[in-house]
Amino acid sequence: MFRYLTGILDTRERMTWKIYAVLSLISPIVDIFSFSVIIYIINIVVRENQASPELTAFTVFMVLVSMLKCLFELYKSKIANRFVYEGAQKLSMKIYELLIKENLTEHNKKTAMQALNMVRNDTTNCIQIIVDWIGIVINGITMAGFAAVLIYVSKWIGVVSSIILLLLMAVVFFRMRTRMREYGERSRAWSIKANSQITIAYGSFKEMKIDDRSTFVLHKYGDASQAYAQVQGEYKYKISSIGVILQNSIMAAMFVILAVILVFGTNLSAILAPMVVYITALVRMLPMAYNVLNGMNNVEFAEKSYEALKECMAEYSLLKEEEKRSEAVRQKTLTLQKGVSVRNLTFGYSDRVHIFQDASIDIPVGCSIAVIGASGAGKTTFVDLLLGLLKPQSGHVFFDDYDIVTQSDAEGPCRAGMGELVSYIPQTVYLNGETIRNNVAFFEEEEEVDEARVIECLKCAQIWEDVRKMPDGIHTLIGENGTAISGGQRQRIALARALYKDFELLVMDEATAALDMETEKAVIDSIRQIKADKTLIMVTHHMSLANECDVVYKIEDQKILRVR
Ligand SMILES: Nc1ncnc2c1ncn2[C@@H]1O[C@H](COP(=O)(O)OP(=O)(O)OP(=O)(O)O)[C@@H](O)[C@H]1O
C-alpha cells in the first residue's frame, strides 16, 4: 500500500515525503538521546550526591536542544500538512482529469456524488495514509529505542513491561482491524448518500415542493447523515478508547510490578532512581504506542478510499498510455468540406439488443437534416455515435475522409479533434446558477468574454428581447440549472451558448422542444439566415420543424431511413 501510494506521486512530492521521513527520524533520535542524558544525569547525581559545573552546563545545553527540537517539530508538522494537502490536490487533478476524459460509457456508470467523493475525499485520505505509515514506522522505531533504554535500566521489569505493551497493542489492533475497515467503508458510503440527498433536493426542487415530499427528502437526508454520524462517532470512540485502554492497562501493570518489588524487594532506596527512569520511559512510550495503533487503524479505515483510488489510477495510467500513443500519431485538422457520411453502423449498448444494424446515412455539407423517430428509437444514440462519444461495434463515421471510429484517413492513422468544427446542444441542457453572460460564454475565461458576441448570439437565439427587459440584462442570475427562467428561455440560452462558438456543424438534440411553434420556427430561420453555409442536424419530434429541413431521416427498425 505504502509503496503503491508513494509510487503514484510526482517527483517533487516523492522528494517531499522522503524529506519528511528523514526529518521524522531525527525527532526520535533526539528524544532517545535526551532521555538517555536524563538517566545519565540522575545516575551521576544519585551516585555522587552533587552536580559538577560541567554537568550543570550540559543540562542547560539540553534545555537549548529541547527548544530547538520544538521549533524543528513545528517545521516538520508544516511540511507534513503541506505534503498532505498539496499531494492530495495533485492527485485530485489526476482523478478529475480521468473523470472528464473517460468515455461516455464509463462516465454513465458513476453518480456525480461518487465522483465528488473520489476527487475530494479519497485523494486526501490516501495521501494521509503515507503520513500515517511514516508515523507508524517512526513511532515504532522510537518505541524500540525507549524499550532498549527501559530494559537497560530496569532489566527484567523493562522486558516484562515492553512485552506487555507489545502484546496489548497486538491484541487491540487485531481486534479492531476488521471493524476499522468496516467503519471506513460505511462512512464513505453514507457520506456519498447524504451528499446525494442535497443534489436530489436541488435537482427536483419543484417536484419535491408540489408533491409535498420535503419531509420525505428531509428524512432521507436525516437517515443518511445520522448513519454517517453514527459510524463516525463509533470510529472516533474506538480510536479514543485505545488511548484509554493503553494508559490504564499500563498504569495497572506498573502498580503490579511496584507491588511485587515492595513485597520481595530489599533495598528500596537503591531502586528509587531506576524506578523514576522506568516510569518516565513508560510514560513517554504510551503516546507512541497510541500513535502507532492510531496510524494503523487510520490506514485500515482508509482502505476503501485506497481501493477506489487504485482503480482510478489504473484507468488513469491507461488513459495516459493512450494519450502518449495518440501523440505519436499524425495530428490532423478536421474539415467538413464534403460532408458527414455514416457507413454500415451497428451499435448496441449490450450485445443482445442492437439500436442500429448496418445503418448508413449521408449528410452533405451546408444541408439541414432532421432526425425523427419514436421515443427510444435511438436518436440521441445516433448523435452520440456521430460525434464519437460512443464507439459502434462496427461501421464507420466519416467527416470528409476522416473516420472517427478507426481514427484514420486515406493516408493512414491520425488524430483529429471535433472542437473546432462542431457545436452541440444536448437534450438536457446544463446551466449553472451564474449569469446569462457566463452561461452563454460557458467555457470562456471570465475576462475574455466577448459581450457583444454574447448579445449577438442571444439575438440569434430569439431571447435578446427577454434578456434586455431583465433588470440586470446579461448579468441576470438564472438560478441553479436555470430555475429562475422559463424552460423555453433555458433552451434558447443553451442555443446561444452553442452559437457563441464558431462551427461548421450544429447538432441540436431536441434543442427547441420547449418552444412554441412560432418561436421554434423563428429560431431555426434565424440560425439558417445567420449561419447559411453551415450544416445543421436537428433531432426533433416536431414534424413541422422537420419539414423545414432539406432532408428528413427517420430512425426505425435499427435503420436510418430517408423519408423526405
Ligand atoms: N447509456 C445507456 N445504456 C443502456 N441503454 C441506453 C443508454 N442510453 C440509452 N439507452 C437505451 O437506448 C435506446 C435509445 O435511446 P435514445 O436516448 O437514443 O432514444 P431517443 O430516440 O433519443 O429517445 P427520446 O426521443 O425519448 O429522447 C433506449 O431504449 C434507451 O433506453
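Treat the numbers as computed from the prediction; the structure is a model and nothing was measured.

Conventions used here
Residues numbered from 1 in each chain as written. Predicted model: local features only at pLDDT ≥ 70, side-chain atom pairs only at ≥ 80, totals over all residues. Helix = DSSP H or I, 4+ residues; strand = E, 2+ residues; numbered from the N terminus. Contact = placed C-beta atoms within 7 Å. Near = placed C-beta within 6 Å. Nonpolar A, V, L, I, M, F, W, Y, C, P; charged D, E, K, R; others polar. UniProt positions renumbered as here; feature names shortened; annotations may be inferred. Expected span 1.5 Å × (residues − 1). Buried ≥ 20, exposed ≤ 12 C-beta atoms within 10 Å, placed from the backbone. Axes fitted to C-alpha atoms, helices over the stretch in contact; angles between N-to-C directions. Parallel < 35°, antiparallel > 145°, perpendicular 65-115°, else oblique. Left-handed = near helix turned anticlockwise from the far one by under 90°.

To continue, consider the environment of Val 429. Its place among the elements puts Val 429 in the loop between strand S9 (422-425) and helix H12 (436-440). Linking Val 429 and Gln 491, residues 62 residues apart in sequence, is a C-alpha distance of 7.2 Å. Contact partners of Val 429, with chain neighbours within four places excluded, come to Arg 490, Gln 491 and Ala 494.

The next thing to look at is the site of the ligand. All residues in the neighbourhood of the ligand are listed as Asn 108, Tyr 349, Ile 355, Gly 373, Ser 375, Gly 376, Ala 377, Gly 378, Lys 379, Thr 380, Thr 381 and Gln 427. Broken down by element, the shell around the ligand gets its largest block of residues, 3 residues, from helix H11 (residues 379-386). Residue composition of the shell around the ligand, grouped by class: 3 nonpolar, 8 polar and 1 charged.

Bringing the UniProt feature "transmembrane region" (unreviewed entry) in the protein chain into the picture now. Residues annotated in UniProt with the feature "transmembrane region" (unreviewed entry) correspond here to residues 20-43, 55-72, 130-150 and 156-176. Note that residues 20-43 is 100% helix and 0% strand, and that its end C-alpha atoms are spaced 35 Å apart. Between the end C-alpha atoms of residues 130-150 the distance is 30 Å, and the span holds 100% helix and 0% strand.

With 26 residues, helix H10 (residues 303-328) extends 37 Å between its outermost C-alpha atoms, agreeing within 8% with the 38 Å of an ideal straight helix rising 1.5 Å per residue. Along H10, the residues that are buried comprise Lys 304, Ser 305, Ala 308, Leu 309, Cys 312 and Tyr 316. Against helix H3 (53-101), helix H5 (112-154) and helix H6 (156-203) lie the buried residues of H10.

Looking now at helix H15 (residues 487-500). Across its 14 residues, H15 extends 20 Å between first and last C-alpha, which sits within 8% of the 20 Å expected from 1.5 Å per residue. H15 sits mainly inside the fold: 12 of its 14 residues count as buried.

With that out of the way, let us pick up the UniProt feature "domain: ABC transporter" (unreviewed entry) in the protein chain. UniProt's entry tags residues 340-563 with the feature "domain: ABC transporter" (unreviewed entry), counted in the numbering of this structure. Taken end to end, residues 340-563 comprises 27% helix and 27% strand; its first and last C-alpha atoms sit 18 Å apart.

Attention shifts here to the packing of helix H13 (residues 451-460) against H15. Look at H13 against H15: their axes get within 8 Å of each other, and the N-to-C directions meet at 125°. In this view, H13 runs oblique relative to H15, as classed from their interaxial angle. Remark: the crossing between H13 and H15 carries right-handed chirality. Contacts between H13 and H15 involve Arg 453, Val 454, Cys 457, Leu 458 and Cys 460 from the former and Ala 496, Leu 499 and Tyr 500 from the latter. Along the lines of polarity and charge, the residues of the contact of H13 with H15 split into 7 nonpolar, no polar and 1 charged.

Although it is not a glycine, Asp 400 adopts a positive phi angle of roughly 55°. For Asp 400, the location among the structural elements is in the loop between strand S5 (394-399) and strand S6 (402-403). Even without being a glycine, Glu 510 presents a positive backbone phi close to 50°. With respect to the element layout, Glu 510 can be found in the loop between strand S10 (505-509) and helix H16 (517-530). On the basis of neighbour counts, which here come to 20 C-beta atoms within 10 Å, the residue Glu 510 falls in the buried class.

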